[in-house]
Structures are given as structure tokens and as C-alpha cells.
Amino acid sequence: MTESAVRSESLADEAAALDAADPLAAKRAEFDLDPQVAYFDGNSLGAPPKHVAERVSQVVREQWGRRLIRSWTEGWWEAPQRVGERIAPLVGAAAGQVVVADSTSVDLFKVLVAAVRANPGRDEVLVDAATFPTDGYVADQVARLTGHTVRRVPVAELPGAVSERTAAVLVNHVDYVSGRLHDMPSVTEAVHAAGALAVWDLCHSVGAIPVRLDACDVDFAVGCTYKFLNGGPGSPAFVYVAQRHQAEFDQPLAGWAGHADPFGMEPGYRGSAGIARARAGTPDILSMLALDAALDVWDGVDLSVLRAKGLALGDFFFRCADELLPGADIPTPREHTRGHQVSVRDPGGQQTMDALHERGVLGDFRPPDVLRFGLAPLYTTYAEVLRAVAVLREVR
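Along each chain, residues carry numbers from 1 onward, in the same order as the chain's sequence is written. Local features are withheld for residues below a pLDDT of 70 in this predicted model, meaning they are given only at 70 or higher, and side-chain atom pairs are given and counted only at 80 or more; totals for whole chains, interfaces and linings count all residues. Water and hydrogen atoms play no part in the side-chain values, which are based on all heavy atoms of the structure.

What to know about the overall build of the chain
Let me state the cut-off plainly: Counting from the N terminus, the helices are DSSP H or I runs at least four residues long and the strands are E runs at least two residues long. Only heavy atoms enter the contact rule, under which two residues are in contact if any of them lie within 4.5 Å. Only the protein chains shown count as cover for residues, and all accessible areas are computed by the Shrake-Rupley method using a 1.4 Å probe.
Across its full length, the chain carries eleven helices and twelve strands. Projected onto its principal axes, the C-alpha positions of the chain cover 80 × 55 × 35 Å. Excluding contacts between residues fewer than 6 apart, the proportion of contacts in the chain whose partners are at least 24 apart in sequence is 72%. By element, 55% of the accessible surface of the chain is carried by carbon and sulfur atoms, the whole surface being about 16100 Å².

Here's the deal with the packing of aromatic side chains
Going by this rule: Any pair of Phe, Tyr and Trp rings, taking the six-membered ring for Trp, is counted once the centres come within 6.5 Å. Such a pair is stacked with planes under 30 degrees apart, edge-to-face with planes over 60 apart, and tilted for the rest. The buried label applies to any residue whose accessible area, calculated with a 1.4 Å probe on protein chains only, is under 20% of its type's maximum; exposed applies above 50%, and partly exposed to all values in between.
Per the counting criterion, the structure on display carries twelve aromatic pairs. Relative to Phe373, the ring of Phe40 lies with its centre 6.1 Å away and its plane at 75°, an arrangement referred to as edge-to-face. One end of the pair, Phe40, is in the loop between strand S1 (38–39) and helix H2 (52–67); the other, Phe373, is in strand S12 (residues 370–374), with 333 residues separating them in the sequence. What makes Phe40 buried here is its relative accessible area of 0%. Relative accessible area serves as the criterion here: at 0%, Phe373 is assigned to the buried category. Of the aromatic side chains, those joined through ring pairs into one cluster are Trp72, Trp76, Trp77, Trp256 and Phe263.

Some details on the environment of His245
To keep it simple, the criterion reads: Polar contacts, as counted here, are pairs of nitrogen or oxygen atoms within 3.5 Å of one another; within protein the pair requires one atom able to donate a hydrogen and one able to accept it, and residues that are adjacent in sequence qualify only if both atoms are side-chain atoms.
Tracing the sequence through the fold places His245 in the loop between strand S8 (238–241) and helix H8 (285–294). Separated by 26 residues in the primary sequence, His245 and Gly271 have C-alpha atoms spaced 13 Å apart. Among residues more than four places away in sequence, those in contact with His245 are Leu197, Asp219 and Phe220. In terms of polar contacts, His245 uses its side chain to reach the side chain of Asp219, at 2.7 Å.

Remarks on the domain arrangement of the chain
Short version of the rule: Bear in mind that the domain bounds are from an automatic or database domain assignment. By convention, the term buried area covers the 1.4 Å-probe accessible surface removed from two parts as they join, with the contributions of both added. Salt bridges are counted wherever a side-chain nitrogen of Lys or Arg sits within 4 Å of a carboxyl oxygen of Asp or Glu. Three classes are used, and their members are as follows: Ala, Val, Leu, Ile, Met, Phe, Trp, Tyr, Cys and Pro are nonpolar, Asp, Glu, Lys and Arg are charged, and the others, Gly among them, are polar.
Taken domain by domain, the chain comprises domain 1 (3–30 + 300–395) and domain 2 (53–298). With centres defined by C-alpha atoms, the gap from domain 1 to domain 2 works out at 30 Å. Domain 1 puts 24 residues into the contact, and the matching count from domain 2 is 19 residues. Together, the buried faces of domain 1 and domain 2 total about 1700 Å²; carbon and sulfur atoms form 60% of this surface. Along the contact surface separating domain 1 from domain 2 lie zero salt bridges. Where domain 1 meets domain 2, there are eleven residue pairs in polar contact (both at pLDDT 80 or more). Of all the secondary-structure elements, those providing two or more residues to the side of domain 1 that touches domain 2 are helix H9 (303–324), strand S9 (341–345) and S12. Per element, the largest residue contribution to the side of domain 1 that touches domain 2 is three residues, and it comes from H9. Partitioned by chemical class, the residues of the side of domain 1 that touches domain 2 number ten nonpolar, seven polar and seven charged.

Quick look at the structure:
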């Protein structure tokens, strides 16, 4: 047996032992996954829980098909707040601070405008220099509309860059390219020390790691639900508005769903009390209730156990890479300052990822040369991690 084969066999034995001891192993059976595919793109589109299709079918047949318009007063209208309350524990938020509505981009626009309006007399917005592009686009447009300027700053430099000029700071909790986890408590503390407001993008952290918005004294946050929360393609995003800001939450999209009396048809706008003020337009009920069903998989999940497995999956990825891909360029931190993804730089780029897909290993590619492997602790196995690295060695 060759040295390479011995290493692979040893890693296979290790993966089998880790999978056998996995406290979340039973969760995988709740997902509708092709057994021939190793899925590593849950950080872009989460896998579907098995029961969601039937639940959505029931919504279509019974609620829409039989109850028709009556369903608006039989649970549909309140769904954004009700589903928000289910997400609240996953982001460390007390009741009444999370609502599901609109897309991440729309929600980010709403909270950024509200943040600069809540902090007058300051003329700049600081943005994480490595931010997801949409966040930068939205921040630029908010600045254009409100007369602010945008300054892009690496997260490590934000505490020294925030000043009396800064109205708000927008930060990604997990870097979408490298998977680096940013320090929410210390960054938020530095932002507040300068009198600015902290806005966090949780798209790559919610459902992957424990998030503690209340404990970190965060002002506003947004997050998507179709990644690690498994809500389905295009499922609606959520907004967090800290209780202390809700009475003065002055968002720019004064739609009827956020009105104090939405069915009163008043000619003027009066914002609803509480977190409902963050709503704007008519909720997308089918996607909303698909998300509601998908959130069932979180019942009984200990987030500390989830985090431990996510880190362990990443540690095993590094171990496999050291054995099978020596010298690989991996920008993801080896230390536990990371989310639940591992990125590998590869000059083949999209061609390499296409070859992985052909062999049943589904990750994704981000230009110019980053292959991303999302590690979803509810369904990713250690054996799949080994398979991904072994196949990557074959196709590079």
C-alpha cells in the first residue's frame, strides 16, 4: 500500500469515528439530501428539510386553496413577527426585536437609513472593506440619498477609524470569502465609544454559530434565511432592531405593512409600535411559511454543540488538507476565529469547481480564485469532508 493510500485509510477511519460520535448525527436524516452528493454550499443555499414540501403543499391546498382571503386574518398577517420570534433565539435576541420581511438588501437599506437618521450631525458611514458587494452597493446609495460619505475600512482597523464624524458602522459578522469571524463584542464597543451605531450583517453566521446581539449591545442587524437556516431560495430576510431604538426607528420604506393601522387605509403614515415598524410591503406568504416549516429543524438544538461540531468539521478539513493537499493556500483561519466554511485558493477557479460538481462534491466559487466549502453542522459529515478534499486533490 502506498504512503498516500495509508494516509487516506487513516483519515477514513478517523472520519468514521468522528461521525459515529457526532451528537448531531441524527439531524441529517431530517434533510432531503441526495446520498450520492456531498453538499458544501449551505453557506449559499441550505438543504431542504424533508417536511417543508408537504407543509408548503398544505398551505397552498388548505390555506390558500380553501380558506382563501380568510387566511390573512388566520395567521398570515402576523407571520413576519411570529417567524421572527423563532429566529430570535438563534441570534441572541429577546422577544419583540426580530421581524422577517423583505430581502437582505432591502432590509439593509431600511436599517442603514434609520441608523443615520438616528445619529444626526455626523456625515460618514464606515463599511467593512471586505464586505459582501451588495452591502457596499446599498451603503453607497444610502450615503448618496442622505448626504453622507462612505469610507471602507478593514474590520481590524475599525476601532481606530471610527470618530465623531461616524454615524453608523456596517460590518459582516463572517467574511464571505475567507470565512473569518469578526469580534462582535469588541467592534461594537469601539463603535459605541465613538458615539456611532453598529449595524451587523449576519448572513454567514446565523444558523452556523451562536450570535449574541443583545449581549453585545448591537443596535441593528440583518440576516438572510436561505443559507444556514435552510429557508429555501429567496426566502425572506430578517431585521433586528434593539428595543431601545424601536420607538424612533425611522426607516425610509413607509409601506402599509409597517403602518400602525394597516387596514385603516389612512392617507398619512403612522409607524407601528415595536418591531412591526420595520415591515414595509405585503409579506411573501409562501416563502415565509416555507421558512417557518424549515425552522422546525432547530427545535432542541444546542447552539454550543452546533458550534463545536462546526469548528471540528473545519479542523478535520485542515487535517485532511495537510495530508492530501500539502501547501494548499487556505485563507480561512486555522484558529477558531472563523465561521463554518473553509476556503481554498485555486488557480483553476471555476474550472476546478465544475470538476468537483461533476464528481458530486458541491461547493462554490468566488472570483478570482476562491473555492468555498460550507460546513453545515446539521447535515455535513466528516466522511464528506474527507471526500471533498480527496476529490479536490484529484481534479487540481
